[in-house]
Amino acid sequence: GINVVKRKLAAHDNLKLTITQEGNKFTVKESSNFRSIEIVFELGVTFNYSLADGTELTGAWNLEGNKLVGKFKRIDNGCELNTVREIIGGELAQTYVYEGVEAKRIFKKE
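The residue numbers shown here count from 1 along each chain, following its written sequence. Only residues with pLDDT of at least 70 are given local features in this predicted model, and only at 80 or more are side-chain atom pairs given and counted; all residues enter the totals for whole chains, interfaces and linings. Computation of side-chain values covers all heavy atoms of the structure but excludes hydrogens and water.

Colleague: Please give an account of the side chain of E30 that cites residues and values.
Modeller: Secondary structure follows DSSP: runs of H or I at least 4 residues long count as helices, runs of E at least 2 residues long count as strands, and numbering of each begins at the N terminus. Along the chain, the position of E30 falls in strand β2 (residues 25-31). Accessibility here uses a 1.4 Å probe with only protein chains present; expressed as a share of the type maximum, an area under 20% marks a residue as buried, one over 50% as exposed, and anything in between as partly exposed. For E30, a relative accessible area of 10% puts it in the buried group. Polar contact is the term for a pair of N or O atoms within 3.5 Å; when the atoms are in protein, one must be able to donate a hydrogen and the other to accept it, and sequence-neighboring residues count only if both atoms are side-chain atoms. One polar contact links E30 to Y49, side chain to side chain, over a distance of 3.0 Å. We call two residues in contact when some of their heavy atoms are within 4.5 Å. Among all residues touching E30, those that are not within four sequence positions of it are L15, K16, L17, R35, S36, I37, I39, Y49 and R85.

Colleague: Which residues make up the packing of aromatic side chains, and what values do they have?
Modeller: Note on aromatic pairs: the rings of Phe, Tyr and Trp (six-membered ring only in Trp) are paired at centre separations within 6.5 Å, and the planes decide the class, stacked below 30 degrees, edge-to-face beyond 60, tilted for the rest. Within this structure, the stated rule accounts for five aromatic pairs. With centroids separated by 5.9 Å and ring planes inclined at 85°, the aromatic side chains of F47 and F72 adopt a geometry described as edge-to-face. Within this pair, whereas F47 is found in strand β4 (residues 47-50), its partner F72 is found in strand β6 (residues 67-74), the two being separated by 25 residues in sequence. On the basis of relative accessible area, F47 is assigned to the buried category, the value being 15%. Note on W61 and F72: the rings are 5.6 Å apart at their centroids and 75° apart in plane angle, and the pair reads as edge-to-face. Linking W61 in strand β5 (residues 56-64) with F72 in strand β6, this pair joins segments that are eleven residues apart in sequence. For the pair W61 and F72, a shared accessibility class is recorded, and that class is buried. Site record: aromatic cluster; members linked through ring pairs are F26, F41, F47, W61 and F72.

Colleague: Outline the pairing of strand β3 (residues 36-42), listing residues and values.
Modeller: Where β2 lies against β3, seven bridges are found, and the strand directions are antiparallel. Counterpart to E30 in the pairing with β3 is I37. Here the rule is simple: two strands pair whenever DSSP picks up at least two bridges between them.

What is shown is where atoms sit, not what they do.
Printed below as a string of structure tokens:
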């Protein structure tokens, strides 16, 4: 459901994440070729978020063991977008599931 133009742009966004934690409060700094934003959230507290393509979401992050698990819904159509962030072998693996389609992105530590 993602058109060719968006797929090509996503392949070259050079996204960098910086995640910091203070208790239940997290700050995620996203920096790419297309935008730089800072997201501050608390575990279990619902908040609104916009994807780089403008898609509006609402949902929350929670810790499940050593995984940061996000459960979100698109505001425009109510479809769920679930994501998991976890450290595997010294790298951050981020897995997305949307309408039965799973995608994974690996971030290497600098």
